[in-house]
Amino acid sequence: MPSRLRAPAGWLRLEGVTRNNLKALDCAFPLGVLTTVTGISGSGKSSLVSQALVELVGEALGAAAPVEEPEDAEALLEDRPAAPSEGRIVGGIEDIRRLIEVDQKPIGRTPRSNLATYTGLFDHVRALFAATPEARTRHYDAGRFSFNVAKGRCPRCEGEGFVMVELLFLPSVYAPCPVCHGTRYNPKTLEIIYRGKSIADVLALTVEGAWDFFADAPNVCRSLKVLREVGLDYLRLGQPATEFSGGEAQRVKLATELQRAQRGGALYVLDEPTTGLHPTDVERLLNQLQTLVDTGNSVILVDHDMKLAAASDWVIDIGPVPVKMAAVLSSQARRQELRRSRPAAPQPIYGARWERSRSQARPERRLGTLRGKQSARYRGVTVRPA
Ligand SMILES: Nc1ncnc2c1ncn2[C@@H]1O[C@H](COP(=O)(O)OP(=O)(O)OP(=O)(O)O)[C@@H](O)[C@H]1O
Ligand SMILES: [Mg+2]
Ligand SMILES: [Zn+2]
């Protein structure tokens, strides 16, 4: 937890946000700080942050909000918002240069993209192989060690490592390539050995294993360092991007962003980044986010994790509670308050203020009774900096 609270360097102000259950909401997000948006499930956190804010800022920056190619018709239906966001930015956009949404959507659609290629560390690994005496004698360049380039890869599977086997009467299945046995490369390429390992052996290393193996290769270590810091030390370098879980994909994206030269002025948006994370990994993620803010960026995250909320500079709480309190933006003093409340309590944030005045209401009851009327409760609610 940082010893000092950061003061906002500016405010991103939105007005008239109407999306899903949010109706004509005015709100302001502090810039240059770490902000956590909390609230019970269905309160509208994602609607406000991942949908309205991302779309409005994306549009304002000129780049239309990132739209991923839908995989199938079902995904298309799922992705389409019921109604497009309404609302406008009334201030603060001039302080934002880039918008980065670190979401859990899958990375890539083909197994050609893997951890090593996506993070860019494979470029450096290939350069190391090309610099070995044997590779130089044979005039093998770095491209030789790419399974996406014809000269070095297995001709049978074209570098995929597996082949499709057509079965009579049954759907086709993938099987390891009978020629390269899944190594992806042709025998000549595999003859090049860097410190006892072929390029295929390197792809089989985990992040942790590679950390030791490439200890004195700073370019490779830079990527490995952030991957370890976001808790992905167990992934294999050659693990296809299509095999990452949603949370892993999100952390791979975050790690890739983190190792880029940090120039500041970026707004990072993360929706529930701690889902499924081990507590020690939450700690690591938090450190990464703090670093991003320290280098002049803004971070807005939606999360239920009290550790993150308590370590944030600002907390914006959205909750289906009586209109006056429906959305509470906490001040710096408020964070101190949060720190005093027990982080392990189930819903300390949204409950804290409200429960004090209405201690008879139990969280389960509130959920049950308020759900049906959420929309009405958000009408005209204003969130303002304290
Ligand atoms: N595409 C949509 N079309 C219509 N209603 C939606 C849509 N997406 C969300 N909603 C509704 O809007 C409300 C807010 O949803 P939202 O996803 O913003 O909640 P949330 O606070 O992010 O919840 P969680 O913590 O479960 O992610 C919910 O009642 C939800 O059913
Ligand atoms: Mg959500
Ligand atoms: Zn092959």
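Shown above is the structure to which this text applies.
The sections below set out a description of the structure shown in this document. Keep in mind that this is a model prediction, so the values were computed, not measured.

Remarks on the pairing of strand 7 (residues 170-176)
- Little of strand 7 sits inside the fold, with zero of its seven residues counted as buried.
- Taken together, strand 6 (residues 162-167) and the strand that follows it, strand 7, pair antiparallel across an intervening segment of two residues, in which Phe169 is found at a positive phi of about 65°.

Notes on the sheet that holds strand 2 (residues 22-31)
- The sheet built from three strands is open, its strands ordered 2-1-4 with antiparallel pairing. On the outer flanks of this sheet lie strand 2 and strand 4 (86-91), each paired with one strand and no other. Within the sheet, the average angular offset between the axes of one strand and its neighbour, ignoring direction, is 15°.
- Along the sheet face, helix 1 (residues 45-60) touches strand 1 (10-19), strand 2 and strand 4 and points at about 110° away from the line of strand 1.

Some remarks on helix 10 (residues 246-259)
- Counted at 1.5 Å a residue, the expected span for helix 10 with its 14 residues is 20 Å, and the 20 Å between its end C-alpha atoms agrees.
- The element helix 10 is largely enclosed, with a buried count of ten among its 14 residues.
- Residues Glu248, Ala249, Gln250, Arg251, Val252, Lys253, Leu254, Ala255, Thr256 and Leu258 constitute the buried set of helix 10.

Notes on unusual backbone geometry
- A positive phi angle, near 60°, is found at His139, a position not held by glycine.
- Within the secondary structure layout, His139 lies in the loop between helix 5 (133-137) and strand 6.
- Despite not being glycine, His181 shows a phi value in the positive range, around 55°.
- Considering the arrangement of structural elements, one finds His181 in the loop between strand 7 and helix 6 (187-190).

What about helix 4 (residues 121-130)?
- Within the sequence span of helix 4, burial applies to Leu121, Phe122, Val125, Arg126 and Phe129. Angularly, the buried residues of helix 4 cover 135° about the axis, an arc narrow enough to put them on a single face.

Thoughts on the packing of helix 4 against helix 9 (residues 218-229)
- Where helix 4 meets helix 9, the axes come as close as 9 Å, and the angle between the chain directions of the two elements is 150°. With respect to helix 9, the axis of helix 4 lies roughly antiparallel. Crossing of helix 4 over helix 9 shows left-handed handedness. Residues Leu121, His124 and Val125 of helix 4 form the contact with helix 9, whose own contacting residues are Asn219, Val220, Ser223 and Leu224.
- Partitioning the contact of helix 4 with helix 9 into residue classes produces four nonpolar, three polar and no charged.

Quick word on the packing of helix 9 against helix 10
- As a packed pair, helix 9 and helix 10 sit with axes 9 Å apart at the nearest point and diverge in direction by 135°. If you check the angle between helix 9 and helix 10, you find them oblique. For the pair helix 9 and helix 10, the crossing hand works out as right-handed. Mapping the contact onto sequence places Arg222, Ser223, Val226 and Leu227 in helix 9 and Ala255, Leu258 and Gln259 in helix 10.
- Looking at the contact of helix 9 with helix 10 residue by residue, the classes come out as four nonpolar, two polar and one charged.

What to know about the environment of Leu12
- Locating Leu12 in the fold gives a position in strand 1.
- Accessibility expressed as a C-beta count within 10 Å gives 26 for Leu12, which makes it buried.
- Separated by 82 residues in the primary sequence, Leu12 and Glu94 place their C-alpha atoms 9.1 Å from one another.
- When neighbours within four sequence positions are excluded, Leu12 is seen to be in contact with Ala28, Phe29, Leu31, Ile89, Gly92, Ile93 and Ile96.

Notes on the pairing of strand 10 (residues 314-318)
- Across the five residues of strand 10, five count as buried, placing the element largely inside the fold.
- Across the two faces of strand 10 the burial is the same, with Trp314, Ile316 and Ile318 and Val315 and Asp317 all buried.
- Across four bridges, the pairing between strand 3 (residues 34-38) and strand 10 is parallel. Across the sheet, the residue bridging to Thr36 is Val315, located in strand 10.

Some thoughts on the environment of Thr291
- Position of Thr291 relative to the elements: it lies in helix 11 (residues 279-294).
- Under the C-beta neighbour-count criterion, Thr291 is labelled partly exposed, with 15 such atoms within 10 Å.
- Separated by 33 residues in sequence, Thr291 and Leu258 have C-alpha atoms that sit 8.8 Å apart.

Scoring rules and cut-offs
Residues numbered from 1 in each chain as written. Chains lettered and ligands numbered in written order. Predicted model: local features only at pLDDT ≥ 70, side-chain atom pairs only at ≥ 80, totals over all residues. Buried ≥ 20, exposed ≤ 12 C-beta atoms within 10 Å, placed from the backbone. Helix = DSSP H or I, 4+ residues; strand = E, 2+ residues; numbered from the N terminus. Pairing = 2+ DSSP bridges. Axes fitted to C-alpha atoms, helices over the stretch in contact; angles between N-to-C directions. Contact = placed C-beta atoms within 7 Å. Expected span 1.5 Å × (residues − 1). Arc of directions from axis to C-beta. Parallel < 35°, antiparallel > 145°, perpendicular 65-115°, else oblique. Left-handed = near helix turned anticlockwise from the far one by under 90°. Nonpolar A, V, L, I, M, F, W, Y, C, P; charged D, E, K, R; others polar.

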